[in-house]
Amino acid sequence: MERKNIFGLTLDELETELLPLPKFRAKQVAAWIYQRGVTSFDEMSDLSKNLRGELAEKFFVQLPQLVKQLDSADGLTTKFLLKFSDDTAVETVLMRHDYGNSICISTQVGCAMGCKFCASTLKGLDRNLTAAEMLGEIIFIQNFLRGTNEKVDTLVIMGTGEPLVNFDNVIKMLRLLHEPYTLGLSYRKVTISTCGIVPAIKQLIEEKIPVTLSISLHAPTNKLRSEIMPINSAFSLNEVLKAGNDYANSTGRRVTYEYILLGGVNDTEEHARQLAKILDGQLASVNLIPVNPVDERNFKPPTHNATQKFFHFLATHGINVTIRKEMGADVNAACGQLRANS
Ligand code: SF4
């Protein structure tokens with residue numbers, strides 16, 4: 001009989017798999033694999049030796065495997081290249097902030113969205129990740145932190161891939177991650193980033209899970225946005241802004257608009273003025289991200305002066321604005337660069 005992977009099952013699913021064992025056995029196994037980082041039945045010391053043997057004959061616990069780990073010189077960022085059973089690999093990043101450990105996971109192998117500044121899309125989309133694989137990225141890092149008295153505190157779904165085109169798997173993973181028998185992570189500690197898949201933003205409202213929505217805007221006009229983000233031809237700037245506004249109004253949660261500053265492309269005072277205008281009155285904030293240069297792309301970072309001027313224009317025109325702290329540039333922290341270079 002072929003053995004079955006039980007990592008990624010809900011407690012209900014695990015109870016069914018383990019039948020005719022009593023339900024409390026499923027609870028014990030779930031605690032071992034999701035909370036104690038165990039992948040071998042041999043280590044499940046509150047199960048009898050016979051039972052451990054029986055389970056090992058039928059099941060296995062599969063986490064992604066580490067291919068490469070890079071630590072930034074300041075010790076604050078660690079980037080992992082993780083491999084799944086079909087040998088595809090994705091990047092997962094651990095960032096140590098003063099408010100806790102944040103991790104950034106990937107949701108797809110590659111990406112079909114074609115954003116012009118992004119390395120993740122250079123080879124197109126390979127496949128969606130399953131809920132179990134995404135949960136595996138998170139539990140892998142939780143296990144990495146084990147023994148340091150630290151844990152995963154916040155999750156950003158902002159790595160390789162467009163999470164909202166892998167909607168069902170992402171939601172399944174978030175619901176599992178929220179369960180007390182896994183990490184019990186509050187939805188409020190989760191940020192989902194999208195390039196603006198309007199119907200899926202509406203679907204996310206219906207899910208009624210209070211995650212923070214982050215929308216990649218990157219340009220204040222339709223023309224410029226279409227030039228750097230092909231998705232804009234499917235869902236226009238106005239539609240995206242309306243969906244963001246609906247999300248903020250329905251959830252009461254401020255939407256973050258990501259704006260990558262591309263030197264000489266979208267970083268002038270006129271762009272800042274246009275951006276302030278389209279966000280006027282929205283429950284929103286702007287996160288400015290000076291671009292990380294990608295070898296394969298032609299964009300250059302904005303000057304320090306341009307970044308500061310852009311920031312001050314927005315700040316003095318009623319926009320809640322931050323500049324993303326650069327983390328891990330020395331470990332290829334920009335989306336997709338480690339995978340593209342390996
Ligand atoms: S920025 Fe995100 S949505 Fe755009 S191509 Fe890269 S991974 Fe895909």
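Residues numbered from 1 in each chain as written. Predicted model: local features only at pLDDT ≥ 70, side-chain atom pairs only at ≥ 80, totals over all residues.

Quick notes on the overall build of the protein chain
Okay, so step 1: Helix and strand counts for the protein chain stand at 11 helices and 14 strands.
Okay, so step 2: Overall size of the protein chain, expressed as C-alpha extent along the three principal axes, is 70 × 40 × 35 Å.
Okay, so step 3: The proportion of buried residues among the 342 residues of the protein chain is 42%.
Okay, so step 4: Restricting to contacts in the protein chain with at least 6 residues of sequence separation, those with at least 24 account for 65%. (Helix = DSSP H or I, 4+ residues; strand = E, 2+ residues; numbered from the N terminus. Buried ≥ 20, exposed ≤ 12 C-beta atoms within 10 Å, placed from the backbone. Contact = placed C-beta atoms within 7 Å.)

Describing helix H5 (residues 167-178)
Okay, so step 1: Its 12 residues give H5 an end-to-end C-alpha distance of 17 Å, which sits within 8% of 16 Å, the value for a rise of 1.5 Å per residue.
Okay, so step 2: Residues of H5 that are buried in the fold lie against strand E8 (125-128), helix H4 (131-145), strand E9 (154-157) and strand E10 (190-194). (Expected span 1.5 Å × (residues − 1).)

A closer look at the packing of H4 against H5
Okay, so step 1: At a closest axis distance of 8 Å, the pairing of H4 and H5 adopts a crossing angle of 50 degrees. Overall, the two elements H4 and H5 adopt an arrangement that is oblique. Crossing hand, H4 versus H5: right-handed. Here Ala131, Met134, Leu135 and Ile138 of H4 come into contact with H5, specifically with Asn169, Val170, Lys172, Met173, Leu176 and Leu177.
Okay, so step 2: Of the residues in the contact of H4 with H5, the class split is 8 nonpolar, 1 polar and 1 charged. (Axes fitted to C-alpha atoms, helices over the stretch in contact; angles between N-to-C directions. Parallel < 35°, antiparallel > 145°, perpendicular 65-115°, else oblique. Left-handed = near helix turned anticlockwise from the far one by under 90°. Nonpolar A, V, L, I, M, F, W, Y, C, P; charged D, E, K, R; others polar.)

Examining the nonpolar core
Okay, so step 1: Core analysis: the biggest nonpolar cluster contains 88 residues, and Ile103, Leu135, Ile138 and Tyr259 have the highest contact counts within it.
Okay, so step 2: Per-element accounting of this core gives the leading share, 8 residues, to H4.
Okay, so step 3: Taken domain by domain, the makeup of this core includes at least three residues from each of domain 1 (4-60) and domain 2 (65-337).
Okay, so step 4: Once you skip the residues sitting within four places of it in the chain, isoleucine 138 turns out to touch Ile103, Ile105, Val152, Leu155 and Leu177. (Core = buried A, V, L, I, M, F, W, Y, C linked by C-beta atoms within 7 Å. Domains from an automatic or database assignment.)

Section: the sheet that holds strand E13 (residues 284-290)
Okay, so step 1: Sheet architecture is open: 10 strands sit in the order E3-E4-E5-E6-E9-E10-E11-E12-E13-E14, paired in mixed fashion. If you trace the sheet from one side to the other, it starts and ends with strand E3 (65-71) and strand E14 (320-323), each paired once. Each adjacent strand pair in this sheet contributes to an overall mean axis angle of 20 degrees, direction not counted.
Okay, so step 2: By the bridge criterion, 4 bridges tie E10 to strand E11 (residues 212-216) in an arrangement that is parallel. Residue isoleucine 192 lies in a different strand from E11, and its bridge partner there is leucine 213.
Okay, so step 3: Strands E11, strand E12 (255-261) and E13 of the sheet are contacted by helix H8 (residues 237-251), whose axis makes an angle of about 170 degrees with E11. (Pairing = 2+ DSSP bridges.)

Topic: the environment of glutamate 207
Okay, so step 1: With respect to the helices and strands, the residue glutamate 207 is situated in helix H6 (residues 198-207).
Okay, so step 2: In this structure the C-alpha to C-alpha distance between glutamate 207 and isoleucine 171, which are 36 residues apart in sequence, comes to 8.5 Å.

Looking at unusual backbone geometry
Okay, so step 1: Residue proline 20 follows leucine 19 across a cis peptide bond; omega there is 10 degrees.
Okay, so step 2: As for its placement among the helices and strands, proline 20 is situated in the loop between helix H1 (11-18) and helix H2 (23-35).
Okay, so step 3: With a phi angle near 70 degrees, asparagine 149 is a residue other than glycine that sits in the positive phi range.
Okay, so step 4: For asparagine 149, the position within the fold is in the loop between H4 and E9.
Okay, so step 5: Positive phi, normally seen in glycine, also occurs at histidine 218, with a value near 65 degrees.
Okay, so step 6: Tracing the backbone shows histidine 218 in the loop between E11 and helix H7 (222-228).

Side note on the domain arrangement of the protein chain
Okay, so step 1: Domain annotation for the protein chain reports domain 1 (4-60) and domain 2 (65-337).
Okay, so step 2: One C-alpha centre belongs to domain 1, the other to domain 2, and the line joining them spans 34 Å.
Okay, so step 3: Contacts between domain 1 and domain 2 engage 9 residues on the former and 13 residues on the latter.
Okay, so step 4: If one sorts the elements of the side of domain 1 that touches domain 2 by residue count, H2 sits on top with 4 residues.
Okay, so step 5: For the side of domain 1 that touches domain 2, the class distribution of residues is 5 nonpolar, 3 polar and 1 charged.

Observations regarding the packing of H1 against H2
Okay, so step 1: Packing of H1 against H2 brings their axes to within 8 Å, and their N-to-C directions diverge by 120 degrees. Looking at the two axes, H1 sits oblique to H2. Between H1 and H2 lies a crossing whose hand is right-handed. Across the interface between the two elements, Leu11, Leu14, Glu15 and Leu18 from H1 touch Lys23, Arg25, Ala26, Lys27, Val29 and Ala30 from H2.

What about the environment of aspartate 126?
Okay, so step 1: Residue position: aspartate 126 is located in strand E8.
Okay, so step 2: For the pair aspartate 126 and lysine 300, spaced 174 residues apart in sequence, the C-alpha separation works out to 28 Å.
Okay, so step 3: Ignoring anything within four residues of it in the chain, the contact list for aspartate 126 reads Thr88, Val109 and Gly110.

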